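Structural characterization, general
Residues per chain are reported as follows:
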Amino acid sequence: MAGSVQNDGGWREESRFSVLSTDPAVRAALDACLARSAAPSPSAKQFLAAWAGTPIIGGSMLRGAERGRSWALSRSIAVTRNHSAEFAQPVGEVIVGVVCSLARTGRPLKSVQQLPDGCTLTAAIPSDARTFGGTLTVTVTRTENGSLVRAAAEIPGQLYDWGVAKRTLATLLADIPALLVP
């Protein structure tokens, strides 16, 4: 199987993202998830711009939010949540489940780091009315009994994220078994 995945489902044990991403069955599953993706919600700037004329002490809400975020970023303040889960499915299936979840929820993949027996996927958490966005880092590795997923959501520049990081991780971990390719 050196360097390629057989069309009989051999991709399910594959841990190399470059090989998984070229398999026709994986591409079809990803396309199906993209077709079901939700429309993006307004970004934090768009949401606050709608309230731009609303005076608050010291100026507009958008300017105040941006100043507060700059202050928090300069002090390395961030909301970080971590979670891990084990799955009985092989590493290739779980990686595809993660990628499909990212596609379905509108979290663009920013980078992939290949590991000896898995990979680390880094995706953007889009800005919305509650946050200015963040980063979701998901590491999938092969285990004796299946796969291990370790996920971390980080929302930089905020003391409170209104539950965005927690919901992001909960959605991802619930999506993986639901989006596994049959």
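Residues take numbers from 1 onward in each chain, read along the sequence in its written order. For a predicted model such as this one, the threshold for reporting local features is a pLDDT of at least 70, and the threshold for listing and counting side-chain atom pairs is 80 or more; totals across whole chains, interfaces and linings nevertheless cover every residue. Side-chain metrics in this entry use all non-hydrogen atoms of the structure; hydrogen atoms and water are not considered.

For the rest of this paragraph, the subject is helix 5 (residues 91–104). Residue pairs three or four apart in sequence face the same way in an α-helix, which turns once every 3.6 residues. Each helix corresponds to a stretch of at least 4 residues labelled H or I by DSSP, and each strand to a stretch of at least 2 residues labelled E; elements are numbered beginning at the N terminus. Any helix carries an expected span of 1.5 Å times its number of residues minus one. The end-to-end C-alpha distance of helix 5, which contains 14 residues, comes to 20 Å, matching closely the 20 Å that a straight helix rising 1.5 Å per residue would cover. Following helix 5 by one or two positions, Gly106 has its phi on the positive side, about 70 degrees.

Salt bridges are defined as contacts in which a side-chain nitrogen from Lys or Arg sits within 4 Å of a carboxyl oxygen from Asp or Glu. Going through the model one piece at a time under the given rule, you end up with six salt bridges. Three or more residues joined by partner-sharing salt bridges are found here, namely Glu13, Asp117 and Arg142.

Below, the discussion takes up the packing of aromatic side chains. The description of an aromatic ring pair uses the distance of the two centres, along with the angle that the planes make with each other. Think of it this way: a Phe, Tyr or Trp ring, Trp meaning its six-membered ring, pairs with another when their centres are within 6.5 Å, and the plane angle makes it stacked under 30 degrees, edge-to-face over 60, tilted otherwise. Applying the stated rule across the entire model yields one aromatic pair. Consider the rings of Tyr160 and Trp162, whose centres lie 4.8 Å apart with planes at 85 degrees: the pair is edge-to-face. Like Trp162, Tyr160 is exposed. When accessible area is computed with a 1.4 Å probe and restricted to protein chains, residues below 20% of their type maximum are described as buried, those above 50% as exposed, and intermediate ones as partly exposed.

This brings us to the sheet that holds strand 5 (residues 118–125). By definition, two strands form a pair when at least two bridges between them are found by DSSP. Strand order across the open sheet formed by five strands is 3-7-6-5-4, with antiparallel pairing between neighbours. Looking at strand neighbours, the two that pair on one side only are strand 3 (78–87) and strand 4 (109–115), the edges of this open sheet. Looking at each pair of strands side by side, their axes are set apart by 15 degrees on average, direction ignored. Sitting on the sheet, helix 6 (residues 164–178) is in contact with strand 3, strand 5, strand 6 (134–143) and strand 7 (146–156), with an inclination near 15 degrees to strand 3. Between N-to-C directions, angles cover 0 to 180 degrees, with each direction set by a line fitted to C-alpha atoms, over the stretch in contact for helices. The criterion used for residue contact is that any of the two residues' heavy atoms lie within 4.5 Å.

Time to look at the nonpolar core. Membership of the largest hydrophobic core comes to 38 residues, with the highest contact counts inside it found for Ile95, Val98, Val138, Val140, Val149 and Ile176. Secondary structure elements with two or more residues in this core: helix 1 (17–20), helix 2 (24–35), strand 3, helix 5, strand 5, strand 6, strand 7 and helix 6. With nine residues, helix 5 is the single largest residue contributor to this core. When sequence neighbours within four positions are dropped, the list of residues in contact with Val98 reads Leu121, Val138, Val140, Leu172 and Ile176. Throughout, nonpolar core names a set of buried Ala, Val, Leu, Ile, Met, Phe, Trp, Tyr and Cys residues whose side chains join them through atoms within 4.5 Å.

For the rest of this paragraph, the subject is unusual backbone geometry. Located in the positive-phi region is Ser76, a residue other than glycine, with phi close to 60 degrees. Mapped onto the fold, Ser76 is located in the loop between helix 4 (61–74) and strand 3.

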